[in-house]
Protein chains: 2
Amino acid sequence: MINVSIIEDHQDFRKGLSSLLDASEGFTCIDTFISAEDGIKYLSGDEELLLLDINLPNMSGIEAIPLIKKKFPGLKIIMLTILDDDNTIMEAILSGADGYLLKKTPPIQILASLKECINGGSPMTPSIAKKVLMLFKKYIPKNNESFSLTKREIEILNLLVEGLSNISISKKLFISIQTVRNHIRHIYEKLQVHSKSQAVVKAIREGLV
Amino acid sequence: MINVSIIEDHQDFRKGLSSLLDASEGFTCIDTFISAEDGIKYLSGDEELLLLDINLPNMSGIEAIPLIKKKFPGLKIIMLTILDDDNTIMEAILSGADGYLLKKTPPIQILASLKECINGGSPMTPSIAKKVLMLFKKYIPKNNESFSLTKREIEILNLLVEGLSNISISKKLFISIQTVRNHIRHIYEKLQVHSKSQAVVKAIREGLV
DNA sequence: CTGTCAATGACGCATTTGTGTCATTTTTAC
DNA sequence: GTAAAAATGACACAAATGCGTCATTGACAG
């Protein structure tokens, strides 16, 4: 038996969800709230799972996540949303939600998702998953070939990013410091930079490391 | 009608999938291959969707993605995998797959996922979605206060990350180069680093910029 | 009102860095 | 088998950097 609570300001959707849960084998809806503030104040802690609307009057669902998690660290939180806006998703992820469902998700799917979440998964509708992947790729570009660095140059670039000085690099690779400086010179030319800090920034930003 | 092809080296799983597809309303399995190499060579381009195993002999499914995408840019690729290893998922995402399903996913779920994928979503099983979220959070840390840098120090740190030299910074901020060096000195102390490159790496990795 | 801290500025000095020019030996590619 | 690219190494020099020490001013907290 999975105990669930709901925070959702629209009466019809709230009632619909709680009825769905109570009517379904293995689920009980033990509490419902119409605002994040109410939920934070009156959540009993008896539920294993919380369905949390994002668009709430006053405090948003996203702002509520860290506060609720602080009070009940083990509680799983699944966000409900009508909009799959990039920023919203991003914020929800970073705030620590455990799943993200669009409100139009069919009931059977919702129930399946709740079970998955209890079992440690992060259910999300495919369209939201798509957004997450796109965000991910945006933040981790991962170019490699474009600057045509050689193996050795990439190796040295990595050591630069680790913060090693030329002399440390030369000792680590058992080569002369002059050689290290030569490699670095070539790295600069290829990345079109003129200092270590510029090189490491570019290396990180372009995903060369 | 959704046309699907399959690349999967295990005969039983391959046959099972193709039978499932052909037996299901709205799906046709138009081709199957036992290796990535075969798929790349002989895919007709008539399919809208490809089910691609990750663990294949010789060339892995992940290596195959960019090659296949290059030949058929519009083709949707869903990865099939038994293991939800972090690195594998990461690589698959960055290689540009459109969905990620565990092989143990129930048939009904698989068919639903294929439809979702065709409609532009990125279906993934909740346990994989969980991994993706964790990876995401790992790569976007988002700290700020922890090093208690002053406003001015943050300002200068940003300019360092932009690759400016001390002189350029002093000119930009209308202060003496000595002052700039002083600020940088304090930044180093707070970040516990000893060079510009170390500072900018830390600034980026810790999300200070 | 006094002490702490941020921001500003300075001098000095050993080291490191960025860059120019050159040379030898392996690897790789055609 | 030869030409190009990569990896190794060197010398030199101006500029930048990292760090030690010190001083003045303004803001803010107790």
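Residues numbered from 1 in each chain as written. Chains lettered and ligands numbered in written order. Predicted model: local features only at pLDDT ≥ 70, side-chain atom pairs only at ≥ 80, totals over all residues. Heavy atoms only, no water.

*Asks:* So what exactly am I meant to see when it comes to the relation of the copies chain A and chain B here?
*Replies:* Each of the two copies of the chain can be brought onto the other by a rotation about an axis and a shift along it. Between chain A and chain B, which share one sequence, the superposing operator has a rotation angle of 180° and an axial displacement of 1.6 Å; the RMSD is 1.7 Å. The superposition of one copy onto the other is thereby described by a two-fold rotation axis. No C-alpha of chain A lies nearer the rotation axis than that of Ser197(A), which sits 2.1 Å from it. Of the interface residues in chain A, 95% have counterparts in chain B that sit at the interface too, so the contact is made through matching surfaces. (Least-squares fit on C-alpha atoms with pLDDT ≥ 70 in both. Contact = heavy atoms within 4.5 Å.)

*Asks:* Teacher, can you tell me more about the protein's contact with DNA strand C here?
*Replies:* Close to DNA strand C lie 17 residues, the nearest being Arg181(A), Lys196(A), Thr150(B), Ser176(B) and Asn182(B). Take the atoms of DNA strand C that sit within 4 Å of the protein: sugar and phosphate atoms are 50% of them. One nitrogen or oxygen atom from the side chain of His194(A) is found 2.9 Å from a phosphate oxygen belonging to DNA strand C. Between DNA strand C and Thr179(B), the relevant distance is 3.0 Å, taken from a phosphate oxygen to a side-chain nitrogen or oxygen of the residue. When residues of the surface near DNA strand C are traced back to their parent elements, those giving at least two are α9 (177-191) of chain A together with α9 (177-191) of chain B. For the surface near DNA strand C, the element with the most residues is α9(B), which contributes six residues. For the surface near DNA strand C, a count of residues per class yields two nonpolar, nine polar and six charged. (Near = heavy atom within 4 Å. Polar contact = N/O pair within 3.5 Å; in protein donor to acceptor, adjacent residues only side chain to side chain. Helix = DSSP H or I, 4+ residues; strand = E, 2+ residues; numbered from the N terminus. Nonpolar A, V, L, I, M, F, W, Y, C, P; charged D, E, K, R; others polar.)

*Asks:* Where do I start with the interface of chain A and chain B in this structure?
*Replies:* Often the size quoted for an interface is simply the accessible area lost on bringing the parts together. Each side of the interface is counted separately: chain A has 38 residues, and chain B has 36 residues. Where chain A abuts chain B, roughly 3,200 Å² becomes buried across the two surfaces, and 72% of that area is made up of carbon and sulfur atoms. The interface formed by chain A and chain B includes zero salt bridges. Where chain A packs against chain B, one counts four residue pairs in polar contact (both at pLDDT 80 or more). Within the residue set of the side of chain A that touches chain B, elements represented by two or more residues are α4 (86-95), α5 (107-118), α6 (126-139), α7 (151-161) and α10 (196-205) of chain A. It is α6(A) that contributes the most residues to the side of chain A that touches chain B, 10 residues altogether. When grouped by side-chain class, the residues that make up the side of chain A that touches chain B number 21 nonpolar, nine polar and eight charged. (Buried area = accessible area lost by both parts, 1.4 Å probe. Salt bridge = Lys/Arg side-chain N within 4 Å of Asp/Glu carboxyl O.)

*Asks:* Help me understand the sheet that holds strand β1 (residues 2-7) of chain B in this model?
*Replies:* Within a sheet, adjacent strands bond to each other through the backbone by hydrogen bonds, running parallel or antiparallel. Residues and elements named next belong to chain B. Strand order in the open sheet formed by five strands is β2-β1-β3-β4-β5, and the pairing between neighbours is parallel. The strands lining the two open edges of the sheet, one partner per strand, are β2 (27-33) and β5 (99-102). In this sheet, neighbouring strand axes are inclined to one another by 25° on average, regardless of whether the strands run parallel or antiparallel. Relative to strand β3 (residues 49-53), β1 runs parallel, the two being bridged by four bridges. Each residue of the ladder has a partner; that of Val4, found in β3, is Leu49. Docked against the sheet, helix α3 (residues 61-71) engages β1, β3 and β4 (76-81), running at close to 175° with respect to β4. (Pairing = 2+ DSSP bridges. Axes fitted to C-alpha atoms, helices over the stretch in contact; angles between N-to-C directions.)

*Asks:* What exactly am I supposed to notice about the protein's contact with DNA strand D here?
*Replies:* In the vicinity of DNA strand D there are 17 residues, among which Thr150(A), Ser176(A), Asn182(A), Arg181(B) and Lys196(B) approach most closely. The sugar-phosphate portion of DNA strand D accounts for 51% of its atoms within 4 Å of the protein, the bases making up the rest. At a separation of 2.8 Å, a phosphate oxygen of DNA strand D approaches a polar side-chain atom of Arg152(A). Among the elements of the structure, α9 of chain A together with α9 of chain B are those that each provide at least two residues to the surface near DNA strand D. By residue number, the principal contributor to the surface near DNA strand D is α9(A), which donates six residues.

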